[in-house]
There are 2 protein chains.
Amino acid sequence: MKIIIDAMGGDNAPQSTVEGAVLAVRELGVQATLVGREQEIRACLEAAQAGDAANSIQVVHAEQTIDMCDSATSVTKEKKDSSLAAALRMLGAGEGDALVSSGNTGALLVGSTMYVKRIRGVRRAALAPVLPTDKGGALLIDCGANVECTPEYLLQFAYMGSFYAQKQLGAAKPKVGLLNNGAEASKGTPMLRETYELLQEAAQAGRLNFIGNIEGRDVPFGAADVILCDGFVGNVLLKTYEGVGMYFAGEMKKMFMRNLGTKMAALLVKDGLRAFKKKMDYKEVGGAPLLGISKPVIKAHGSSDPRAFKSAVRQAVQYAESGIIASISDNVGHMTLAADGEKN
Amino acid sequence: MKIIIDAMGGDNAPQSTVEGAVLAVRELGVQATLVGREQEIRACLEAAQAGDAANSIQVVHAEQTIDMCDSATSVTKEKKDSSLAAALRMLGAGEGDALVSSGNTGALLVGSTMYVKRIRGVRRAALAPVLPTDKGGALLIDCGANVECTPEYLLQFAYMGSFYAQKQLGAAKPKVGLLNNGAEASKGTPMLRETYELLQEAAQAGRLNFIGNIEGRDVPFGAADVILCDGFVGNVLLKTYEGVGMYFAGEMKKMFMRNLGTKMAALLVKDGLRAFKKKMDYKEVGGAPLLGISKPVIKAHGSSDPRAFKSAVRQAVQYAESGIIASISDNVGHMTLAADGEKN
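Worth saying up front: this structure is predicted, and the values here are computed from it rather than measured.

## As for the overall build of chain A
Turning to step 1, where the next piece is worked out: When helices and strands are counted, chain A shows 12 helices and 12 strands.
Turning to step 2, where the next piece is worked out: Computed over C-alpha atoms, the radius of gyration of chain A comes to 21 Å, within 12% of the 20 Å expected from 2.2 N^0.38 for 344 residues, which places it in the range of a compact globule.
Turning to step 3, where the next piece is worked out: Seen through its principal axes, chain A has C-alpha atoms that stretch 60 × 60 × 35 Å.
Turning to step 4, where the next piece is worked out: Within chain A, buried positions represent 57% of all 344 residues.
Turning to step 5, where the next piece is worked out: Contacts in chain A between residues at least 24 apart in sequence constitute 71% of all its contacts with a sequence separation of at least 6.
Turning to step 6, where the next piece is worked out: Only carbon and sulfur atoms are counted for the fraction: they give 49% of the accessible area of chain A, which is about 13700 Å².
Turning to step 7, where the next piece is worked out: For chain A, the centre of its 38 positive side-chain charges and the centre of its 37 negative side-chain charges are spaced 4 Å apart.

## Considering the sheet that holds strand β7 (residues 138-141) of chain A
As a general point, the strands of a sheet are linked pairwise by backbone hydrogen bonds and lie either parallel or antiparallel.
Residues and elements named next belong to chain A.
Turning to step 1, where the next piece is worked out: Within the open sheet, the five strands sit side by side as β6-β7-β10-β8-β9. Their pairing is mixed. Both edges of this open sheet fall to β6 (130-131) and β9 (209-214), since each of them pairs with a single strand only.
Turning to step 2, where the next piece is worked out: Where strand β8 (residues 175-179) and strand β10 (residues 226-228) come together, three bridges link them in parallel fashion. In the strand pairing of β10, Val176 is matched with Val226.
Turning to step 3, where the next piece is worked out: Against the sheet, helix α5 (residues 151-168) contacts β7, β8 and β10, and its axis sits at roughly 165° relative to β10.

## Comments concerning the pattern of salt bridges
Residue and element names in this part refer to chain A.
Turning to step 1, where the next piece is worked out: Tallied over the full model, the rule gives 18 salt bridges over all chains.
Turning to step 2, where the next piece is worked out: Between Glu40 and Arg37 there is a salt bridge, with the nearest N and O atoms lying 3.3 Å from each other.
Turning to step 3, where the next piece is worked out: Assessed through its relative accessible area of 26%, Arg37 is described here as partly exposed.
Turning to step 4, where the next piece is worked out: Shared partners join several salt bridges into a network, and the residues in it are Arg37, Glu40 and Glu63.

## As for a nonpolar patch on the surface
Turning to step 1, where the next piece is worked out: Residues Met264 and Leu268 of chain A together with Met264 and Leu268 of chain B make up a contiguous nonpolar surface patch of roughly 330 Å² in combined accessible area.
Turning to step 2, where the next piece is worked out: Elements with a minimum of two residues in the nonpolar patch: α8 (260-268) of chain A together with α8 (260-268) of chain B.
Turning to step 3, where the next piece is worked out: Mapped onto the fold, Met264 of chain B is located in helix α8.

## Topic: the pairing of strand β4 (residues 98-101) of chain A
Residue and element names in this part refer to chain A.
Turning to step 1, where the next piece is worked out: Taking every second residue as pointing to the same face, both faces of β4 are buried, with Ala98 and Val100 on one and Leu99 and Ser101 on the other.
Turning to step 2, where the next piece is worked out: Taken together, the four bridges between strand β1 (residues 2-6) and β4 define a ladder with parallel strand orientation. Opposite Ile3, over in β4, you have Ala98 as the bridge partner.
Turning to step 3, where the next piece is worked out: In terms of strand pairing, β4 meets strand β12 (residues 297-300) through three bridges, oriented parallel. Counted as the bridge partner of Val100 is Ile298 from β12.

## Remarks on the sheet that holds strand β10 (residues 226-228) of chain B
Residue and element names in this part refer to chain B.
Turning to step 1, where the next piece is worked out: Strand order across the open sheet formed by five strands is β6-β7-β10-β8-β9, with mixed pairing between neighbours. Each edge of the sheet is formed by a strand with only one pairing partner; in this case those strands are β6 (130-131) and β9 (209-214).
Turning to step 2, where the next piece is worked out: By the bridge criterion, five bridges tie strand β8 (residues 175-179) to β9 in an arrangement that is parallel. Within β9, the position partnered with Leu178 by the bridge is Asn213.
Turning to step 3, where the next piece is worked out: Here helix α5 (residues 151-168) sits on the sheet and contacts β7 (138-141), β8 and β10; the angle it forms with β10, its principal contact strand, is near 165°.

## Quick look at the interface of chain B and chain A
Turning to step 1, where the next piece is worked out: Taken together, the contact pairs 49 residues of chain B with 48 residues of chain A.
Turning to step 2, where the next piece is worked out: Contact with chain A buries surface across chain B, with Phe232, Tyr247 and Phe248 of chain B losing the most and accounting together for 16% of the total.
Turning to step 3, where the next piece is worked out: Remark: the boundary between chain B and chain A carries four salt bridges.
Turning to step 4, where the next piece is worked out: Taking the shortest distance from any N to any O, the salt bridge between Lys239 of chain A and Glu215 of chain B comes out at 2.1 Å.

## A few points about the relation of the copies chain B and chain A
Turning to step 1, where the next piece is worked out: It takes a turn of 180° to lay chain B on chain A, together with a shift of 0.0 Å along the axis; the resulting RMSD is 0.0 Å. What we have between these two chains is a two-fold relation. Identified as the residue of chain B closest to the rotation axis by C-alpha distance is Ala265 of chain B, at 2.0 Å.
Turning to step 2, where the next piece is worked out: When the interface residues of chain B are mapped onto chain A, 98% of them are again interface residues, pointing to one common binding face.

## Some points on helix α1 (residues 15-28) of chain A
Residues and elements named next belong to chain A.
Turning to step 1, where the next piece is worked out: Between its first and last C-alpha atoms α1 spans 19 Å; for 14 residues at 1.5 Å apiece the expected length is 20 Å, and the two agree.
Turning to step 2, where the next piece is worked out: Listed in full, the buried residues belonging to α1 are Ser16, Thr17, Val18, Gly20, Ala21, Val22, Ala24 and Val25.
Turning to step 3, where the next piece is worked out: At the exit of α1 stands Gly29, carrying a positive phi of roughly 70°.

## Digging into helix α2 (residues 38-47) of chain B
Residues and elements named next belong to chain B.
Turning to step 1, where the next piece is worked out: Taken together, the buried positions of α2 are Ile41, Cys44 and Leu45. Down the axis of α2, the buried side of the element spans an arc of 105°, and every buried residue falls inside it. Set apart from the buried face of α2 by more than 90 degrees, the exposed residues are Gln39, Glu46 and Ala47.
Turning to step 2, where the next piece is worked out: Looking at the buried positions of α2, the neighbouring elements they touch are α1 (15-28), β2 (31-36) and β3 (57-61).

## Description of unusual backbone geometry
Turning to step 1, where the next piece is worked out: Of note, the amide linkage connecting Ile141 of chain A to Asp142 of chain A takes the cis form, showing an omega dihedral of 10°.
Turning to step 2, where the next piece is worked out: Residue placement: Asp142 of chain A occurs in the loop between β7 and α5.
Turning to step 3, where the next piece is worked out: Geometrically, the link from Ala13 of chain B to Pro14 of chain B is a cis peptide bond, its omega value of 0° lying close to zero.
Turning to step 4, where the next piece is worked out: Note on placement: Pro14 of chain B falls in the loop between β1 (2-6) and α1.
Turning to step 5, where the next piece is worked out: We note that Lys117 of chain B has phi near 80°; this positive angle belongs to a residue other than glycine.
Turning to step 6, where the next piece is worked out: Along the chain, the position of Lys117 of chain B falls in the loop between α4 (105-116) and β5 (126-127).

## Some details on the packing of α1 of chain B against α2 of chain B
Residue and element names in this part refer to chain B.
Turning to step 1, where the next piece is worked out: Where α1 meets α2, the axes come as close as 9 Å, and the angle between the chain directions of the two elements is 55°. One finds that α1 runs oblique with respect to α2. As α1 packs across α2, the resulting crossing turns out to be right-handed. Contacts between α1 and α2 pair Gln15, Val18 and Val22 from the former with Ile41, Cys44 and Leu45 from the latter.
Turning to step 2, where the next piece is worked out: In the contact of α1 with α2, the residues fall into five nonpolar, one polar and no charged.

What counts and what doesn't
- Residues numbered from 1 in each chain as written.
- Chains lettered and ligands numbered in written order.
- Predicted model: local features only at pLDDT ≥ 70, side-chain atom pairs only at ≥ 80, totals over all residues.
- Heavy atoms only, no water.
- Helix = DSSP H or I, 4+ residues; strand = E, 2+ residues; numbered from the N terminus.
- Rg over C-alpha atoms; globule rule 2.2 N^0.38 Å.
- Buried < 20%, exposed > 50% of the residue type's maximum accessible area, 1.4 Å probe, protein only.
- Contact = heavy atoms within 4.5 Å.
- Areas by Shrake-Rupley, 256 points an atom, 1.4 Å probe, with all protein chains shown as cover.
- Lys, Arg positive; Asp, Glu negative; His and termini not counted.
- Charge placed at Lys NZ, Arg CZ, Asp CG, Glu CD.
- Pairing = 2+ DSSP bridges.
- Axes fitted to C-alpha atoms, helices over the stretch in contact; angles between N-to-C directions.
- Salt bridge = Lys/Arg side-chain N within 4 Å of Asp/Glu carboxyl O.
- Patch = residues over 30% accessible without salt bridge, like charges linked within 9 Å, V, L, I, M, F, W, Y side chains within 5 Å.
- Buried area = accessible area lost by both parts, 1.4 Å probe.
- Least-squares fit on C-alpha atoms with pLDDT ≥ 70 in both.
- Expected span 1.5 Å × (residues − 1).
- Arc of directions from axis to C-beta.
- Parallel < 35°, antiparallel > 145°, perpendicular 65-115°, else oblique.
- Left-handed = near helix turned anticlockwise from the far one by under 90°.
- Nonpolar A, V, L, I, M, F, W, Y, C, P; charged D, E, K, R; others polar.

Below is the structure:
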C-alpha cells in the first residue's frame, strides 16, 4: 500500500507530516510518498532519525506551497505546481493508493474534484469527519464542502455516509439522522422536507436505515451513526461541539488546579478523566474522508501532531482497503434523481 | 406592573406556572393575571398556600389549552379560545404590561404577531435566548422563529439584539458577531455575504458594533454579545450547546460517582463544581424575549420549574422597564431597506 502525502500542508508542516509518515511506515508497514520541498523534507527525515524507515519513503519535489490564506481555486491556477496539486495529480494517475493532507481544506476539495475526479454519478464530494460520541463516533456529512445543498446532494451523502459508517465505524445498519430543528417530518426548510421524503423512500426500499430528523442535542449521546446536513450547518455543529468541549475541559482543568485539595481530587479521578479524554480525543480519530471522490482522500486536522497525522494515514489505509468507493459506485443508480425530480 | 401569565403552557402546567407566579408576586412585588382553566388554577393556588399573595393575583378563565403537538396556527384558528390566545389578546388590549408563557413556541410566535402585532417597520419577530458563556451571557438571535431569513431580517435582528444586550445584559457597546463557517468576509451563503455588507455599513455609520464573522467555537468563550444567525442555524447551535453541556455534565457525574475515592474527590472540588454549574444554569437566565413584538413577550423554557418561571417573570418586568421596544421603534428607519435593496 502506497500513501501519497502532501508534506507541506498544515500548521506544523513539514515537520509533523514527515514525522507522522515515519511513524506510519514503522507501525503500519506502508510505503509513503512525501510531496513538497525536497531539501526541507530531507532535513526533517534526518532530524526524525528515520533510519530504515527511509527506505520505504520516496520524496517528490514540488516548489510551491498552498497556505491557509490561499483561495481554494489556487490549486488549479496560480499554485498548480504546489505540493497539494502535485500529490493529487499523482493519486489521479494511479501512482499511489490514497492521499493524506493537513492543508487548506477548500483547495483540497477543489483539487480532488479537478485532478482525481468524482465517482461517476456523484454530484458533489462531501467532507465527513467522525464526531466523538457516547457510542464511539458518528459521521458528520457534510461538514463544509457544500455550503448550499439540494435534496439530491443530501440523498447521496446519506448513502455515502452509510457505506463509510458500516465499513469503517462498524455500524451494521448505520442509523441515518437528518439534522433539523425538530423531530417532526414537517420541520425545517422546503429543501429539508424534500430530503426527508427521499430518505423515507430509500428506507422503505430497504436501502437506508433512516431514523428521521434528529436535533443537535441528540448528537453527543450517539442517537445516529450518520448525521446528515448541508456543509454550512455541519460546520456550525462541528465547531460548536469542539468549542463547548474545549470550554468545559478548560473549566474542569481550572477547577482541579485551584489548590492542594482540588489537585488531590484530580488524582482521585485520574482514571476516569483519562478515559473521558481519550473518548473525546480527535487525535485518536484521525481525519475526515472526502466522500464521493473516486480514490481515497483524507483531510487530516490542520494542527495534527505526528501521532494524529499517523492516525490519518491509518485511516487512509483502511479506507483504501474497505471497498467503500466500489460500494458507492455500484449503488449510484439509487442515488441520482432524473431531471424532473423523480428517481431513476 | 402587571404580568399576564399563560398558566396552562409548559410541561408542568399549571402547577409550575402558578407556583412561579406566587413566588414572583412575593419576591418581585408584581401583580399577576393567570389565564387558563380557573378551577385548576385555583386548586394550584390553594396547594401553593398563596396566602396574601393571592390578593395580587387575578384569574381569567380560558377553557382551551394549546399542547406541544398543536400546530402554530392553532392559536388563531381552532384554539383561539385557548389560555395563550386569551392572554395575548389581553396584552394587545393593554390589560397588562408584559406576558410570559412556557408553552408551544410556534403558537406563541404566531399569536404574538397576530394579537399583539410587531413594531411598525419590523419585518419579523425573533426569538432570542441568552446563552451562558464565559463572559456571562450572549444573546442568540434568531433561534427558531424564522427558518429562512433575508439580509434585511438579519440586519433588524442585529439592531434589536444590540438594544437588548445593552439594556438587559449590561454590554455598553454590544459586540455583534455574524455566525458563519469561517472568519473571512467571503464566507457563507450569498445571503450571509449580503448581510455582512449591511452590518459593515451600519458599523461605519457608528450604529452597530459589528465585529465580523464568528464561528461556533468562539461562542462559549464569549467572543460576541449578540450572535446573529437565521432561526434554523440558531436552533442547531442552541441544541448542540445544550446537548454537549448535558453530556459533559453527565459524564462528570458518572466519573465522580464511581467509588469512595472519586466521591471524596467530588467533595474536594464542590465549590468549583457549584460555581460552574451556576454559571451554566439556564434556570438563572429565565426565558427568551420575542424581539420585534410591540409589547414585552417572554418565552420561558418548557420544562421550567417554579424558580425558573419566576426568573422569566423577573426578566419580563425588566424588559418592560427597559425602554428597549421604544429604542427599536425609534431606530426602525435605519433597519429597513427600500424595495430596490438600498437603505432608506
